[in-house]
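Single-letter residue listing:
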Amino acid sequence: MAKRPLLIYLDHLHWIHLAQASKGHIVGQNYVEAYKYLLSKKKANEIVCPLSLTHYMELAATGSYRQRNDVANVMAQLSTFQTLSPISILKRVELEKALFKYFGKPKIPKEINLLGVGAFFAARGENKMMKFSGSEKTMQDFSKVMGGDEQIKQLEYKYTLLAEFEILRGPDLEQEQLLRAKYDYKPELAIEEAKKRAAQEDELANELKNDPTKFKKIDDIVTARYLYWELSDALTELLASSGMTMEEFMKIGKERVTNFVHDMPTADIITTLTKLNLKNLNRSWVKNDIHDMDALAVAVPYCDVVVTEKHSFTQLINAKLGIKYDTTLLKNLEDIPEVVNKLLR
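In this text the structure is predicted, and so the values were computed from the model without any measurement. (Residues numbered from 1 in each chain as written. Predicted model: local features only at pLDDT ≥ 70, side-chain atom pairs only at ≥ 80, totals over all residues. Heavy atoms only, no water.)

### Thoughts on the overall build of the protein chain
A tally of regular secondary structure across the protein chain gives 19 helices and six strands. For the protein chain, the C-alpha radius of gyration of 22 Å lies close to 20 Å, the compact-globule estimate for 345 residues. By principal-axis analysis of the C-alpha atoms, the protein chain measures approximately 70 × 55 × 55 Å. The burial tally for the protein chain puts 46% of its 345 residues in the buried class. Looking at the protein chain as shown, the accessible area adds up to about 18600 Å², and 53% of this sits on carbon and sulfur atoms. Charge-centre separation for the protein chain: the mean point of 48 positive side chains lies 2 Å from the mean point of 47 negative side chains. (Helix = DSSP H or I, 4+ residues; strand = E, 2+ residues; numbered from the N terminus. Rg over C-alpha atoms; globule rule 2.2 N^0.38 Å. Buried < 20%, exposed > 50% of the residue type's maximum accessible area, 1.4 Å probe, protein only. Areas by Shrake-Rupley, 256 points an atom, 1.4 Å probe, with all protein chains shown as cover. Lys, Arg positive; Asp, Glu negative; His and termini not counted. Charge placed at Lys NZ, Arg CZ, Asp CG, Glu CD.)

### So, the layout of surface pockets
Its volume calculated, the largest pocket comes out at about 660 Å³. Considering the residues around the largest pocket, the lining is formed by 32 residues, among which I87, R197, E230, I290 and D294 are closest to the centre. Here the lining of the largest pocket is composed, by residue class, of 16 nonpolar, eight polar and eight charged. What the second largest pocket holds in volume is close to 350 Å³. Those elements that place two or more of their residues in the lining of the second largest pocket are α3 (53-60) and α8 (149-169). (1 Å grid on protein atoms, 1.4 Å probe; cavity = no way out; pocket = protein on both sides within 12 Å on 5 of 7 lines; lining within 4 Å. Points joined across faces, edges and corners; volume = space filled by probe spheres on them. Nonpolar A, V, L, I, M, F, W, Y, C, P; charged D, E, K, R; others polar.)

### A short note on a nonpolar patch on the surface
Together, M130, Y159 and L162 make up a nonpolar patch on the protein surface, roughly 290 Å² of accessible area in all. Along the polypeptide, Y159 turns up in helix α8. Overall, Y159 belongs to the partly exposed group, its relative accessible area being 37%. (Patch = residues over 30% accessible without salt bridge, like charges linked within 9 Å, V, L, I, M, F, W, Y side chains within 5 Å. Salt bridge = Lys/Arg side-chain N within 4 Å of Asp/Glu carboxyl O.)

### Thoughts on the nonpolar core
Membership of the largest hydrophobic core comes to 53 residues, with the highest contact counts inside it found for L235, F249, F260, I269, L278, V300 and V306. Counting residues per element, this core draws most heavily on helix α16 (residues 287-302), which supplies nine residues. Residues W15, I47, C49 and Y56 belong to the second largest nonpolar core, which totals 36 residues. (Core = buried A, V, L, I, M, F, W, Y, C linked by side-chain atoms within 4.5 Å.)

### Examining the packing of aromatic side chains
By the definition in use, this model includes five aromatic pairs. Centre to centre, the rings of F132 and F142 are 5.1 Å apart; their planes meet at 75°, and the pair counts as edge-to-face. Taken together, the residues span a long stretch of sequence, with F132 in the loop between α6 (118-124) and α7 (136-146) and F142 in helix α7 at a distance of ten residues. Three or more aromatic residues joined by ring pairs make a cluster, and in this case those are Y102, F103, F249 and F260. (Phe/Tyr/Trp six-rings, centres within 6.5 Å; stacked < 30°, edge-to-face > 60°.)

### Digging into helix α14 (residues 254-262)
Within the sequence span of α14, burial applies to V257, F260, V261 and H262. Against α5 (87-103), α12 (218-241), α13 (246-250), α15 (265-279) and α18 (321-324) lie the buried residues of α14. (Contact = heavy atoms within 4.5 Å.)

### A closer look at the sheet that holds strand β2 (residues 47-48)
With parallel pairing, four strands are arranged side by side in an open sheet as β2-β1-β5-β6. Edge positions in the sheet fall to β2 and β6 (328-330), since each of these pairs with one other strand and no more. Here strand β5 (residues 305-307) pairs with β6 via three bridges, running parallel. The residue of β6 that forms the bridge with V306 is L329. Packed on one face of the sheet, helix α19 (residues 336-344) meets β1 (6-10), β2, β5 and β6 and runs near 155° to β1. (Pairing = 2+ DSSP bridges. Axes fitted to C-alpha atoms, helices over the stretch in contact; angles between N-to-C directions.)

### Looking at empty space enclosed by the protein
With a probe scaled to a water molecule rolled over the atoms, the places where space remains empty come into view. On inspection of all chains with the given rule, the structure shows two cavities of 30 Å³ or more. When its volume is computed, the largest cavity comes out at roughly 70 Å³. Taken together, Y9, L10, D11, H12, T54, H55, E58, H291, D292, A295, L296 and T308 make up the lining of the largest cavity. Looking at which element gives the most residues to the lining of the largest cavity, the answer is α16, with four residues. A per-class count over the lining of the largest cavity returns four nonpolar, five polar and three charged. Each pocket or cavity is described by its volume, and for the second largest cavity that value is around 50 Å³. Considering the residues around the second largest cavity, the lining is formed by L273, N277, D289, D292, M293, L296, H311, S312 and Q315. Looking at the lining of the second largest cavity, the elements with two or more residues in it are α15, α16 and α17 (310-318). It is α16 that provides the largest number of residues to the lining of the second largest cavity, a total of four residues.

This is the structure in structure tokens:
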């Protein structure tokens, strides 16, 4: 049985570095070897660098069309628009698995569909492919002209990738003005949501700073808040479908409820990183903290290699999350060739 390609997740900063390397930019000189190495391994189908919803949002926030084009080109080369399932979908499946572990319900929890194609999969967990359509006779004639149905499928896939590139790169200035005027295009809304969540974390940080008794309960506060804000709706629904109530769920006790949350990989990563960030009371939260947590919550449990920035790398290492999920953690692109060669042996 052939090995599946290694999944290598790259933080947005590292995609920028690879784009600079691809364009011969002086700033990208240190990353040329890593770029060429990843290209060769991708062409050999030994690795893939999947995109996440966070990549789409962060690239959309880049004002320069030229820079977006450069980064999107490299993303297209190394991902071929393979995207990771969004945290919203993974969270639901993980919740079912955790309920099965603790209560034996639901009896057949869903399996995780980790990889798909394109922006719609990254956002909704559904594949949307370009399809030719027409009457039965029209499609039969078209199939004859194209040399068979398989050739039609290949052409549909090609057009899908072209459309995905346009979505990833985003509009130029003239196109953006038209989209805003006619279709209420507002890519900044995702950024505003991240800022809002960062402000909520800052608010909690201030409460902890001003009340030492709360600071001592930081682990319980973060877990309880995540359970209430992020899991309660889906949990209530799944419990009801299994003939249970939230009251019955909570009877398992605080320790087991905490373990339940941490048995969900995405919840485990987010709550752990949130606690570590909050324990540094002198550090203010920014939108990138939210983007990083959302991205790493998917990447660390489900990818083979995660290349992130220094702050997140340090937190993940200190929390031993790479060891827990058997994921290789890096902070430097230059380390990729040596590390990946070992993993491919």
